[in-house]
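Residue-level structural notes
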Amino acid sequence: MADKDFEPKIIGFFCNWCSYAGTDLAGVSRLQYPPNLRIVRIMCTGRISDTLICKALASGADGVLVCGCHPGECHYDRGNLYARRRVIGLKVLMDAIGLDSNRLRLEWVSASEGPRAAKVIEEFTKQIKQLGPSPMNGGRNGN
């Protein structure tokens, strides 16, 4: 069980065209969501490599959230589908090495879904709090 004072550090890779705009809409609409997420805006989730996600986890992130366009709505045709394939493969690898695959999540959020963006961030933050600090973060106790 996680320490109740634990505040997770979460890295988010968000599509410029949909998910980043959706999160921006949530902020403009003054919707509240936890401040634990640090967003990295990328042009397309299809550009995220396995290495980038692994590096985020190895560098101390307690969780990684990847958000992109809904299937069929990608501005780069099938980039989001490539991201889905990578995330599924990484989740299998994470489970194989003993790192809970629930620390990695892929979601589809469009530019008009500000409330959904806030809800996804809130749910993922709660999930990571329940998991506790990542075993890869070098013993950081929520600091």
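Summary of the structure given here. This is a predicted model, so every value here is computed, not measured.

1. Some thoughts on unusual backbone geometry
Positive phi outside glycine occurs at Arg30, with the angle close to 60°. Residue position: Arg30 is located in the loop between α1 (19-28) and β2 (37-42). Positive phi is not limited to glycine here, since Asp77 has a value of about 75°. Looking at the element boundaries, Asp77 is found in the loop between β3 (63-68) and α3 (79-96).

2. Thoughts on the pattern of salt bridges
Counted by the stated rule, this structure contains seven salt bridges. The closest approach of N and O atoms between Arg78 and Asp77, which form a salt bridge, is 3.4 Å. Among the charged side chains, a salt-bridge network with shared partners connects Arg105, Glu107, Arg116, Lys119 and Glu123.

3. Regarding the packing of aromatic side chains
This model, assessed by the stated rule, comprises zero aromatic pairs. The lysine or arginine in question, Arg41, covers the ring of Tyr20, its NZ or CZ lying 4.3 Å from the ring centre.

4. Thoughts on helix α2 (residues 50-58)
Within α2, burial applies to Ile53, Ala56 and Leu57. Down the axis of α2, the buried side of the element spans an arc of 95°, and every buried residue falls inside it. For α2, the exposed residues set more than 90 degrees away from the buried face come down to Thr51 and Lys55. Among the structural elements, β1 (10-15), β3, α3 and β4 (104-108) are those in contact with the buried residues of α2. Gly60, located one to two residues past α2, shows a positive phi value of around 115°.

The rules behind each value
- Residues numbered from 1 in each chain as written.
- Predicted model: local features only at pLDDT ≥ 70, side-chain atom pairs only at ≥ 80, totals over all residues.
- Heavy atoms only, no water.
- Helix = DSSP H or I, 4+ residues; strand = E, 2+ residues; numbered from the N terminus.
- Salt bridge = Lys/Arg side-chain N within 4 Å of Asp/Glu carboxyl O.
- Phe/Tyr/Trp six-rings, centres within 6.5 Å; stacked < 30°, edge-to-face > 60°.
- Lys NZ or Arg CZ within 6 Å of the ring centre and 35° of its normal.
- Buried < 20%, exposed > 50% of the residue type's maximum accessible area, 1.4 Å probe, protein only.
- Arc of directions from axis to C-beta.
- Contact = heavy atoms within 4.5 Å.

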